[in-house]
Each structure stands twice: as structure tokens, then as C-alpha cells.
Amino acid sequence: MKPLIVLGVTGSIATIRAFDLCRELRRKGFEVQVVMSEAAQGIVTEDAMEFASGRKVISKLSGKIEHVKYFGKKGRASLLLVAPATANTISKIAMGIDDTPVTTFATVAIGSGKPVLLAPAMHAPMYEHPIVRENLAKLEERGVKVIAPLEKEEKAKLRNIGEIVFEVEKALHAKKLSGKKVLVASGAFQSKIDDVRVITNNSSGKTGSALSLECALNGAAVKQIGNGAHEEFIHFEETKDANELEEKVLAELRNGYDYFFCPAALPDFDVKQSRGKLDSEKTIELKLEPRKKFLDKVHEKFPSLKIIAFKAEYGKGKKELESIARKMLAEKKFFAVVATDISKNPVGADESEMFFCGKKGFWVKGAKKEIAGKIVESFT
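Residues numbered from 1 in each chain as written. Predicted model: local features only at pLDDT ≥ 70, side-chain atom pairs only at ≥ 80, totals over all residues. Heavy atoms only, no water.

Draft legend 1. Broad picture of the side chain of Ser-12. Among the secondary structure elements, Ser-12 is positioned in the loop between β1 (4–9) and α1 (18–27). By relative accessible area, which is 9% here, Ser-12 ends up buried. Not counting chain neighbours up to four residues away, the residues in contact with Ser-12 comprise Ile-43, Pro-84, Thr-86 and Ala-121. (Helix = DSSP H or I, 4+ residues; strand = E, 2+ residues; numbered from the N terminus. Buried < 20%, exposed > 50% of the residue type's maximum accessible area, 1.4 Å probe, protein only. Contact = heavy atoms within 4.5 Å.)

Draft legend 2. Expanded view of the nonpolar core. Judged by nonpolar contacts, the single largest core of 30 residues is most densely connected at Val-249, Phe-260 and Val-298. For this core, the secondary-structure elements that each account for two or more residues are β9 (181–186), α11 (242–253), β14 (259–262), α12 (294–301), β17 (306–313), α13 (318–332), β18 (336–341) and β19 (351–357). In terms of residue count, α11 provides more of this core than any other element does, five residues in total. Contacts of Val-249, omitting those with residues within four sequence positions, involve Leu-183, Ala-185, Ile-225, Phe-260 and Phe-294. (Core = buried A, V, L, I, M, F, W, Y, C linked by side-chain atoms within 4.5 Å.)

Draft legend 3. Region of the structure containing the packing of aromatic side chains. Taken as a whole and assessed by the stated rule, the structure comprises 11 aromatic pairs. Taking the centre distance of 5.7 Å and the plane angle of 75 degrees together, the rings of Tyr-259 and Phe-335 count as edge-to-face. With Tyr-259 in strand β14 and Phe-335 in the loop between α13 and β18, this pair connects stretches of sequence that are 76 residues apart. Ring geometry for Phe-261 against Phe-379: centres 5.9 Å apart, planes inclined by 20 degrees, an arrangement best described as stacked. Residue Phe-261 is located in strand β14, and its partner Phe-379 is located in the segment after α14 (368–377); the two are separated by 118 residues in the primary sequence. Judged on exposure class, the residue Phe-261 and its partner Phe-379 are both buried. Sitting above the plane of the Tyr-127 ring, Arg-133 keeps its charged end 4.2 Å from the centroid. When the ring centre of Trp-363 is taken as reference, the NZ or CZ atom of Lys-318 above it lies at 4.7 Å. (Phe/Tyr/Trp six-rings, centres within 6.5 Å; stacked < 30°, edge-to-face > 60°. Lys NZ or Arg CZ within 6 Å of the ring centre and 35° of its normal.)

Draft legend 4. A look at the sheet that holds strand β8 (residues 155–157). With respect to topology, three strands assemble into an open sheet ordered β5-β8-β7, the strand pairing being antiparallel. Unpaired on one side and paired on the other, β5 (122–123) and β7 (150–152) mark the two borders of the sheet. Both β7 and β8 contribute to a ladder of three bridges, which runs antiparallel. Residue pairing in the sheet places Glu-151 in a bridge with Ala-156 of β8. (Pairing = 2+ DSSP bridges.)

Draft legend 5. Main features of helix α10 (residues 206–217). Across its 12 residues, α10 extends 16 Å between first and last C-alpha, which sits within 8% of the 16 Å expected from 1.5 Å per residue. Burial runs high along α10: 11 of the 12 residues are buried. Gly-219 sits one or two residues past α10 and shows a positive phi near 95 degrees. (Expected span 1.5 Å × (residues − 1).)

Draft legend 6. Summary view of the packing of helix α5 (residues 87–95) against helix α8 (residues 130–141). Taken N-terminus to C-terminus, the directions of α5 and α8 make an angle of 50 degrees; their axes are 9 Å apart at the nearest point. As far as their axial angle goes, α8 and α5 are oblique. When the axes of α5 and α8 are compared, the crossing they make is left-handed. When α5 is examined against α8, the residues Ala-87, Ile-90, Ser-91, Ile-93, Ala-94 and Met-95 are found in contact with a partner set consisting of Val-132, Asn-135, Leu-136, Lys-138 and Leu-139. When its residues are assigned to classes, the contact of α5 with α8 shows eight nonpolar, two polar and one charged. (Axes fitted to C-alpha atoms, helices over the stretch in contact; angles between N-to-C directions. Parallel < 35°, antiparallel > 145°, perpendicular 65-115°, else oblique. Left-handed = near helix turned anticlockwise from the far one by under 90°. Nonpolar A, V, L, I, M, F, W, Y, C, P; charged D, E, K, R; others polar.)

See the structure below:
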């Protein structure tokens with residue numbers, strides 16, 4: 001059975017985004033029951049939200065005691081999301097006042113210990129009102145998750161839909177990495193030929209982005225360094241230069257991390273760099289020298305760090321790839337090695353097949369998100 005989210009919609013101009021939020025929740029696999037205040041109905045119609053949710057909207061409470069049906073001790077709903085949450089609604093929920101369908105649902109959900117998320121949206125002076133801020137703090141103390149708004153243009157704007165949906169997923173997800181710190185390095189990195197040209201590769205950063213997201217869903221504090229694919233709500237620091245990436249990672253690891261994932265496509269060779277710009281009318285010969293493996297440097301400096309290394313091979317059979325991964329794991333003493341054959345799984349593709357070699361050894365195939373999920377799941 002799919003998790004059911006009750007989406008409480010209140011009367012803010014950001015209410016116009018509730019339709020898209022509802023559709024995105026359903027796209028992510030949730031069932032959605034919409035509950036609307038009277039003020040919200042003046043901005044978005046019940047018919048529109050019924051179309052978005054596939055369910056009749058609850059706009060007033062009846063003898064069916066809908067609030068108990070969904071959030072009583074044996075209630076069907078998994079979580080209450082109030083988005084947008086106005087200053088009026090926030091303060092009423094904090095005071096235990098339930099005079100609208102949305103606030104009544106909140107009272108019952110909090111009283112039953114069900115997850116409650118609030119996504120405020122209002123003008124900046126209202127958000128900065130000391131009583132409103134006190135009420136938000138009071139709700140957080142009682143376990144309500146507040147998805148902080150984007151403060152700009154004298155407004156406290158509703159957070160991006162992708163981030164709101166992520167917080168819903170996170171609230172209902174197992175917390176295998178709760179209290180852990182995770183660093184991820186990902187993307188395609190450059191070595192300079194001259195002051196204009198570089199050599200690089202086709203890495204997209206998709207694996208690193210999927211791993212960052214999965215670790216965050218599992219409760220870890222995550223930072224991603226690199227380039228290419230990344231989620232805007234994951235702490236991300238961009239760099240494209242290979243040497244700069246190594247410096248940034250080594251400096252960041254001094255802050256104390258539990259896991260380091262490195263699907264970053266770092267160059268295997270250093271180029272003898274020329275100053276200025278090489279003459280394009282002449283034949284150029286590049287001298288490539290083997291580069292010291294970055295993960296060896298990391299392991300030397302941080303021997304207790306759990307390193308998950310990624311190994312790309314070409315034209316290898318499954319048994320041979322497994323042997324390569326196991327040998328690398330034994331020799332390097334990493335936490336795990338993830339190996340793939342890029343002759344069958346092109347760099348940058350949305351789907352792949354990989355061999356995970358750690359305490360357990362297994363093959364995993366599918367979208368990068370599925371692969372990341374299986375890898376993190378294997379940690380416990």
C-alpha cells in the first residue's frame with residue numbers, strides 16, 4: 001500500500017503552487033488527500049485540487065470525522081504536510097486552536113504523534129513577527145518539521161517543490177545513517193594543457209548526486225563537492241579542476257567525516273602544462289605522466305575513514321570484474337569498491353549495472369537512484 005500524505009492547503013498567494021506540489025507527490029509514489037481552508041478555496045478551486053490528487057477534497061469536517069479517520073491512533077495517513085502554511089495557521093496550530101479543517105487535522109496529527117511538516121509562505125514582516133517566530137520554534141520543539149521559506153524580495157517564499165517533496169520522503173524514510181557525516185566527490189575533472197585548453201572526460205556526476213540524495217534521505221549530514229548533476233537542496237561546492245578538487249576534499253575531511261564516496265572521474269594522468277596558448281597551426285605532442293591515485297592520499301591521511309571507491313573497467317566479464325574489485329578492496333583496505341564495465345554501461349547514462357564489493361558482494365542494476373539505494377542499504 002502506498003503511503004498516504006494529507007496535504008493541508010491554506011490561504012496564501014503561494015496556494016497556486018499546491019496543484020504542482022500535489023502532482024509531484026503523486027509522481028513520487030504517494031497517495032494524496034487534500035484538505036483546504038476556506039481562504040485557500042478562494043485562490044485554487046476544489047475541482048483543480050481534486051484533479052491533482054485523484055480524491056475528493058475535504059473542505060469542511062462532517063460526521064465522518066475525517067480528521068480521526070486519517071490521523072487517529074489507527075489512522076490511514078502517514079504524514080501531514082501543510083503547504084503553504086500562513087502565519088495565521090501556524091499560530092493556531094501552535095496554540096492548539098482548530099477552527100478550520102487544516103488546523104483540526106494538525107491538532108489530531110500532533111496529538112497522535114504522526115509526522116507533521118509545515119512549509120511557511122508569507123510576506124517577510126509577517127514571518128519576522130516575534131510571536132510567529134516563537135510559535136514556529138514552539139512547534140519545532142514538539143517535533144514538527146518546519147521547511148524554512150526562501151527569504152527574498154521582502155517575502156518569505158514557499159520552498160521549491162522538489163525540496164518540499166524531498167523532506168516528505170526523508171520524514172518517512174529509514175534513518176540508517178542518522179548522526180553520520182558523508183562527503184561525496186563527483187563529476188568530470190580537468191587537467192590543463194595550456195592556459196586555454198584542458199583534457200577531461202564524460203562523467204555526468206549522476207551517480208554522486210544519487211548517492212548524496214540517498215545518504216541525506218537516510219539521515220546523514222551530506223556535502224557534495226564537484227560538478228555536474230546535483231540537487232539544489234544538498235550542500236554543494238562546485239569545482240572542475242582536478243587539483244582543486246583534491247585540495248578541497250582533503251581540507252573538508254579535516255572536519256570529521258564517517259563516509260567518503262568517490263565516484264568522481266579524476267584524471268589518471270598529469271599533463272605537462274604549457275604557459276600561454278599553444279600554436280594551433282603546429283602538431284602538438286602531449287606528455288602524460290601517471291598521477292598518484294587520489295584515494296591513496298585520502299587513505300594515508302584519514303586511515304579510519306570509510307572510503308567507497310569506484311572502479312571503471314572496459315570489456316571485462318562479470319567474473320573478471322568481480323575479481324578486480326575484490327583485489328582492489330583487499331590491497332587498498334577501503335570500506336567498499338563499486339566496479340562497472342563502461343563498454344556495457346556508458347559514462348553518463350541514466351541507468352547502469354555495478355558490482356558492489358564490501359562486507360557483502362552483489363550486483364545491482366537499474367537507475368542511479370536504485371543503485372544508490374542498494375549501496376546504502378548494504379551498510380547495515
